[in-house]
Every structure is written in structure tokens, then in C-alpha cells.
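Descriptive analysis of the structure
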Amino acid sequence: MQPEKVDVLVIGAGPAGTVAASIVNQAGYKVKIVEKQEFPRFVIGESLLPRCMEALEEAKFLDAVKARGYQQKNGAKFEKQGKICNYFFNDQFTDGWGWTWQVPRADFDHTLAKTVESQGVPVEYQTGVTAINFHPDGTSTTTVEDKDGNKREIFARFIIDGSGYGRVIPKLFGMERPSNLPPRKAVFTHLVDTKRSMDDEPDRITIIVHDKAVWIWVIPFSTGITSVGYVADPGFFEQFTVHRKRSCGR
Ligand SMILES: Cc1cc2nc3c(=O)[nH]c(=O)nc-3n(C[C@H](O)[C@H](O)[C@H](O)COP(=O)(O)OP(=O)(O)OC[C@H]3O[C@@H](n4cnc5c(N)ncnc54)[C@H](O)[C@@H]3O)c2cc1C
């Protein structure tokens, strides 16, 4: 069977993959995205920076994202031992966006993926890349596998690896290198914050510096849900016992 042929194959339908696919599609190339998971799917990384708006604008995603009514984010509040430092994106020395959004990523990523599909880029879900064979002229044949284990090949002139934490190309070609940054662990949850008042500064992220190398994020969404996470040296968490709330069955 002849492999399917595209100009550009994009691996992963996260923000990197969908923005890249949209831009390449607008340039007139035949693009396709393969995505290992079904959407919507959870991923962490909810508090955007204004620079992201330029990418969303270039991809023509802004109208679709605006329509989701996400929490506007105008800056950040840093707190350390009672001292507060407010940072507003509008206090800048260059032109550019002075605000962005705080987004529940399952909904945000799904919105971007549906929008790129509406622009004419097919997104094939539950289809993971398992192998890539690069030819001497730089083109490639990629093997993908669907959820039922069926394998097939896609020929592409170019590949964009937008697989994020999947790190598909580095893993397949032995290009992974250990980080020279100190390791960090994050423990996070989504709280249904019934007592949150709109005066509680939902229009920014709060970062609390708890201790050396221990910090906490507080990211309010427009849904009333607040994302809270601890980031620390992995050893920090060992002093705590994990209590899980269990429901008792009869
Ligand atoms: C604790 C923590 C907190 C963070 N907080 C923030 C934050 O507040 N703000 C922020 O901007 N960023 C934050 N980040 C970073 C953020 O999570 C990432 O930068 C962002 O998700 C990267 O997007 P992406 O599109 O590159 O990849 P992803 O969102 O990871 O998407 C990649 C996609 O590729 C797919 N994929 C993987 N392997 C394959 C395969 N073999 N074949 C096909 N598809 C595949 C995956 O299923 C996935 O859907 C945080 C990260 C961590 C760890």
C-alpha cells in the first residue's frame, strides 16, 4: 500500500503543534497532525505569557480563544515572607501585548485543535508516531500506530516535532541529554473555590516563595476553579504523609 503523502507532518496537537500547523497551512502547504491521545486531555501549564498572544494571532486562533471566556491575566504577584512585588505586563519598554489568559489546558488545547481543523488541517487522534525513517534527501517516512495497534506509513517532506513531553525525535534518535538544572517536583490540584471573591485578583497569577527552592502557584480560572501547585526539590515532599480521601463502598 502506498503511504499517505503530505508536505509537513506535525507530531502532537498541543499548542506548539497546532500553531505551527496553522502557520504552515496558511503558507499553502499540505499539513497533517497526528496526536497520540484523544482530546480533550489534561496537561499542566495554564498561565500564559503575553508573548503567546503573538503566536495565537499569527495562527488566527484569537477569535476562537476569546469566545471561550477564559480569565484575563494582566500580570503576576510575587509574595515572599510578607513582602509583595506586583508585576504588570503593561509596564513594558517595548510594544506588544499587555495581557494574556489563564487557561484550563484541556479546553484550551481542544479549542486550538478544533480551530486548526476548521482551517483545513486534519488532526488524527489516538495515532502515535512509533518510528521515523529519514531518507538521504531529507524527506521521511513515519510509522504511526492507532489505538487498535494498526500500523501505517506517512511520507512527508518535513516533520515538525510538537510532541512536548513526548520528545519523540530526541527519543527515537538518541538525542536526549540530561538537564543541567537542579531537579524539581511539582504537586498540583484544581480546587473548586466556592469562597473566591472577584476582588481576590483573579486577573493575575500569584507566586508565593515559601522557602529556598520551594514555591507555590495560584492560578484562578474564570470557571471558579483555581489551580494550585507546589514546586520544590523532590526531597522537600518526603517530610509529608500522603492522605488520600477514599470513598467507602458497601
Ligand atoms: C509543573 C509545570 C507547570 C507549568 N506551568 C506552566 C505555566 O503556568 N504556563 C506555561 O506557559 N507553561 C507551563 N508549563 C509548561 C507547559 O506545560 C508546556 O510548555 C506546554 O504544555 C508545551 O506545549 P506543547 O504544545 O509543546 O506540548 P504538549 O502540550 O505537551 O503537547 C504535546 C502533544 O504531543 C502528543 N504526543 C506525544 N508523543 C506523541 C507521539 N509519539 N505521537 C503523536 N503525538 C504525541 C501528546 O499526546 C500531546 O498532546 C508547566 C510545566 C510544568 C511541568
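The preceding data block contains the structure.
The following refers to the structure shown.

Rules used throughout
- Residues numbered from 1 in each chain as written.
- Predicted model: local features only at pLDDT ≥ 70, side-chain atom pairs only at ≥ 80, totals over all residues.
- Heavy atoms only, no water.
- Helix = DSSP H or I, 4+ residues; strand = E, 2+ residues; numbered from the N terminus.
- Expected span 1.5 Å × (residues − 1).
- Buried < 20%, exposed > 50% of the residue type's maximum accessible area, 1.4 Å probe, protein only.
- Contact = heavy atoms within 4.5 Å.
- Pairing = 2+ DSSP bridges.
- Axes fitted to C-alpha atoms, helices over the stretch in contact; angles between N-to-C directions.
- Core = buried A, V, L, I, M, F, W, Y, C linked by side-chain atoms within 4.5 Å.

**Brief notes about the environment of Arg 68**
- Examined against the element boundaries, Arg 68 turns out to sit in the loop between helix 3 (62-66) and strand 3 (71-73).
- The sequence separation of Arg 68 and Thr 111 amounts to 43 residues, and the corresponding C-alpha distance is 8.3 Å.

**Here's the deal with helix 4 (residues 105-118)**
- Its 14 residues place the ends of helix 4 20 Å apart at the C-alpha level, agreeing with the 20 Å of an ideal helix rising 1.5 Å per residue.
- Among the residues of helix 4, Arg 105, Phe 108, Asp 109, Thr 111, Leu 112, Ala 113, Thr 115 and Val 116 are the ones counted as buried.
- Against helix 1 (15-26), strand 2 (31-34), helix 2 (51-58), helix 3 and strand 7 (123-124) lie the buried residues of helix 4.
- Backbone geometry just downstream of helix 4 places Gly 120 in the positive-phi region, at approximately 110°.

**Description of the sheet that holds strand 4 (residues 75-80)**
- Spatial ordering of the open sheet is given by 5-4-12-13-14-11, a layout of six strands whose pairing is mixed. Edge strands, defined here as strands with exactly one partner in the open sheet, are strand 5 (83-88) and strand 11 (185-192). Strand-to-strand, the axes of this sheet are offset by a mean angle of 15°, without reference to chain direction.

**Regarding the nonpolar core**
- Ranked by internal contacts, the top residues of the largest apolar core, which has 27 residues, are Ile 33, Leu 56, Phe 61, Trp 101 and Phe 108.
- For this core, the secondary-structure elements that each account for two or more residues are strand 1 (4-11), helix 1, strand 2, helix 2, helix 3 and helix 4.
- The biggest single contributor to this core is helix 4, with four residues.
- Setting aside anything within four residues of it in sequence, one finds Trp 101 in contact with Glu 46, Ser 47, Leu 48, Met 53, Leu 56, Leu 62, Val 65, Lys 66, Tyr 70, Gln 71, Gln 72 and Lys 73.

**Description of unusual backbone geometry**
- Each neighbour pair has its own omega, and for Phe 39 with Pro 40 the value is 0°, a cis peptide bond.
- When you line up the elements, Pro 40 lands in the loop between strand 2 and helix 2.
- We note that Arg 167 has phi near 45°; this positive angle belongs to a residue other than glycine.
- Relative to the assigned elements, Arg 167 resides in the loop between strand 10 (151-161) and helix 5 (168-172).
- The residue Ala 213 is not glycine, and still its phi comes out positive at about 65°.
- If you trace the backbone, Ala 213 turns up in the loop between strand 12 (204-211) and strand 13 (214-220).

These results come straight from atomic positions and should not be treated as a statement about function.
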